[in-house]
Structures are given as C-alpha cells and as structure tokens.
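This is what each chain is made of:
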Amino acid sequence: MPAEWEQQTMVQLTWPHNGTDWKPYLDEIVKTMTDIAVVIAKHEKLLIVTPNTEETSMMLKRQMSEKQWRNTKFFECETNDTWARDHAFITVAEDDGTGCDCKLKLLDFHFNGWGMKFEASKDNAINSKMAESGIVGGVREDNDDFVLEGGSIESDGCGTVFTTTSCLLAPHRNQPMDREQIETELKCRLGASRIIWLNHGNIIGDDTDGHIDTIVRIAPEDTLLYVKCSDEGDEHYEDFMALEKELKLLKTADGKAYRLIPLPFPKAIYDSDGERLPATYANYLIINGAVLVPTYNQPDMDKEACEIIGKAFKNREIIPIDSRVIIRQHGSIHCLTMQYY
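This one's a predicted model, so the numbers in the text were calculated from it and none came from an experiment.

Turning next to the environment of Glu246. Considering the arrangement of structural elements, one finds Glu246 in helix H10 (residues 237-249). Taking relative accessible area as the criterion, Glu246 reaches 15% and is therefore assigned buried. In sequence terms Glu246 and Leu198 are 48 residues apart; their C-alpha atoms lie 7.3 Å from each other.

The next point concerns empty space enclosed by the protein. The tally for this structure, following the rule as stated, stands at 5 cavities of 30 Å³ or more. Within this model, the largest cavity holds a volume of roughly 150 Å³. Met1, Glu4, Arg85, Ile153 and Gln339 are the residues nearest the centre of the largest cavity, which is lined by 15 residues in total. Residue assignment for the lining of the largest cavity shows that the elements contributing at least two residues are strand S4 (90-94), strand S7 (154-155) and strand S16 (337-340). For the second largest cavity, the full set of lining residues is Ile203, Asp206, Thr214, Pro278, Thr280, Asn283, His330, Gly331, Ser332 and Cys335. Counted by class, the lining of the second largest cavity contains 3 nonpolar, 6 polar and 1 charged residues.

Taken together, Glu54, Glu55, Glu76 and Glu78 make up a surface patch of like negative charges. Mapped onto the elements, Glu78 comes out in the loop between strand S3 (72-76) and helix H4 (84-87). The exposure class assigned to Glu78 is partly exposed, which follows from its relative accessible area of 45%.

What counts, and at which threshold
Residues numbered from 1 in each chain as written. Predicted model: local features only at pLDDT ≥ 70, side-chain atom pairs only at ≥ 80, totals over all residues. Heavy atoms only, no water. Helix = DSSP H or I, 4+ residues; strand = E, 2+ residues; numbered from the N terminus. Buried < 20%, exposed > 50% of the residue type's maximum accessible area, 1.4 Å probe, protein only. 1 Å grid on protein atoms, 1.4 Å probe; cavity = no way out; pocket = protein on both sides within 12 Å on 5 of 7 lines; lining within 4 Å. Points joined across faces, edges and corners; volume = space filled by probe spheres on them. Nonpolar A, V, L, I, M, F, W, Y, C, P; charged D, E, K, R; others polar. Patch = residues over 30% accessible without salt bridge, like charges linked within 9 Å, V, L, I, M, F, W, Y side chains within 5 Å. Areas by Shrake-Rupley, 256 points an atom, 1.4 Å probe, with all protein chains shown as cover. Salt bridge = Lys/Arg side-chain N within 4 Å of Asp/Glu carboxyl O. Lys, Arg positive; Asp, Glu negative; His and termini not counted. Charge placed at Lys NZ, Arg CZ, Asp CG, Glu CD.

What follows is the structure, encoded as structure tokens:
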C-alpha cells in the first residue's frame with residue numbers, strides 16, 4: 001500500500017447535495033468543497049462523483065482556470081454522503097515478479113456507514129459502478145466480504161500499516177473475527193508485513209470509532225505527526241497523554257524509534273446543540289506538490305499547525321483550508337478525499 005506522499009494520478013471528491021445531511025448548510029459546504037477542488041485541480045487530476053453532473057460541473061467551471069478544468073472529470077452516480085476516504089477504492093501495488101512497474105489494484109472494501117450507524121448502500125456501490133464505466137484506471141478487486149474504511153489505516157509505503165483497536169474491533173465491522181484474525185486479513189489484502197495497533201486517542205464527536213487519520217499520520221523519514229493535548233483541563237488530556245506514551249515505545253521495521261512531531265489540539269468547538277465537534281489538524285490531505293491543512297479560525301494554532309506540517313513536508317506548498325463547516329458533520333479534509341496512484 002503506497003504512502004500518501006508518493007506520486008498520485010488523481011484525487012476523488014464525492015459531492016454534497018440536498019439528499020445528504022449537508023442540506024441545512026449546503027451552500028457553505030459547497031463553497032468549502034469548491035475551495036478544495038480548485039486546489040487539487042491546480043496540482044493534479046480530480047475526479048468528482050455527483051448525482052447531478054450538469055449542475056456540479058457548471059458551478060465548478062466558473063471557479064476554475066482552463067488548466068484546472070481540463071484536470072477535472074465527473075462521474076454521475078447516486079450517493080448517500082460525501083466521505084470518499086471511507087467509501088472509495090484503496091490502492092495497492094502488486095509486484096508481478098518481473099522487475100517491471102508494479103500493477104495497481106483498486107481494492108473495493110465493504111462500506112457500511114461506520115458500523116451501520118448511517119445508511120450507506122448507495123456509497124458502497126459507487127466503486128463497482130465506476131469500475132464498470134472505465135473512468136478509473138487499475139484493476140478492481142472485490143473485497144466486499146470485509147469492512148474497511150480508508151480513514152482507519154495509514155501506510156508508510158514500506159509494509160507497515162497503522163490502525164486503531166477502537167475502530168477495527170468496534171461492533172458491526174468484522175465480527176466475529178478477533179484482533180489476530182483481522183490483522184491476518186489486513187496483511188493479506190493490503191500486502192502489509194506488519195500492523196501497528198494504537199489503543200488511545202479517541203476524539204470526542206468522531207462517528208468513526210477512532211480513525212487513525214484523526215490522531216496520527218505518517219510522514220517521510222520515519223516521522224509520525226500526532227495530536228497532542230497539553231491542556232490538563234481538557235476532557236481529552238489523559239487519553240492523548242496515553243497515546244503519546246504508546247508512540248514513544250514504537251519502533252520502525254528496522255528497530256529504530258520514530259521521529260515524533262506533535263500537532264496542537266484545537267480549542268473546543270461546539271455545534272448549536274452544545275455537542276463538541278471533532279476538530280483536528282491531523283486530518284490534512286497530501287497531494288502532488290502540496291498539503292491541504294484544515295484550519296478552524298484559531299489564528300495562532302492554525303499557523304502553528306501549518307508550520308509544523310510544513311516542516312514534515314518540506315518541498316510542498318502548505319495550503320490552509322477553513323474546515324469549520326466540514327466538522328459540523330464530524331469529519332475534515334482528509335475524510336472528504338481519496339487519492340489514486
């Protein structure tokens with residue numbers, strides 16, 4: 001499974017519409033999604049899945065340069081929601097043993113709305129429909145007998161995959177399989193040589209049962225960027241201190257300690273009902289030549305997070321994206337996107 005910072009062919013977005021939970025603030029999320037789309041199309045090709053190609057394309061064309069528009073293609077399909085990270089294909093490279101370039105496989109796992117919390121049958125059918133249409137390259141591999149979301153795994157591109165026990169062992173995923181059996185499946189299906197399980201770091205308001213991409217991200221040179229909670233009065237404090245201790249004990253495949261870089265924890269953000277929303281700087285998106293970093297109108301912390309991520313990805317442009325509307329539906333930039341290789 002490639003690392004996210006490897007050269008990509010395109011990124012997928014699944015577009016919001018009136019039939020999704022975005023309806024009460026559709027204009028706001030469409031503006032944010034447009035900001036993301038325009039940046040991606042500047043750097044690489046963009047695939048947009050939408051139930052209304054004509055409407056979405058007309059709106060986007062007005063915001064894009066000629067080059068960006070040429071980089072953008074559309075696939076018309078009914079959808080439940082917008083979280084491409086979890087319903088889109090997961091790319092793996094298959095070595096055929098000839099020494100030539102590896103063949104890319106597009107793994108189509110079962111998506112059941114994060115453990116049957118939400119209706120997801122339309123989203124689960126997107127990949128097979130795209131494969132039938134020929135709009136995506138690579139070979140589709142049917143993994144519909146196994147539940148796996150892209151946000152629940154992180155790869156270093158060298159055989160190590162990170163995940164969390166809170167998510168992969170959560171109800172309505174792959175029971176009655178236990179941790180050992182799930183690890184065997186991950187290694188086989190993703191071509192991984194080892195799986196690192198993390199037991200701490202659950203962000204309040206996260207519907208996914210603790211996706212890895214909200215708390216710990218892998219960067220080049222055996223680097224782990226992780227969310228650190230330094231406020232003893234915050235309800236996350238003890239759990240995230242335990243996460244930091246876990247990370248300090250980890251070793252690379254070569255037996256060395258990881259280079260650990262902490263990210264700040266955004267100040268608490270609440271919705272109109274007083275529910276805390278899962279704001280995190282770890283949910284950034286790496287694309288060719290750039291990193292899109294979520295921001296939350298917290299100038300000092302937003303700046304600090306961008307600077308830290310910039311140090312981990314030195315040769316990429318760091319692009320802040322206001323993500324306050326995204327977290328209203330309990331995700332952020334990485335959750336909305338999926339890269340292809």
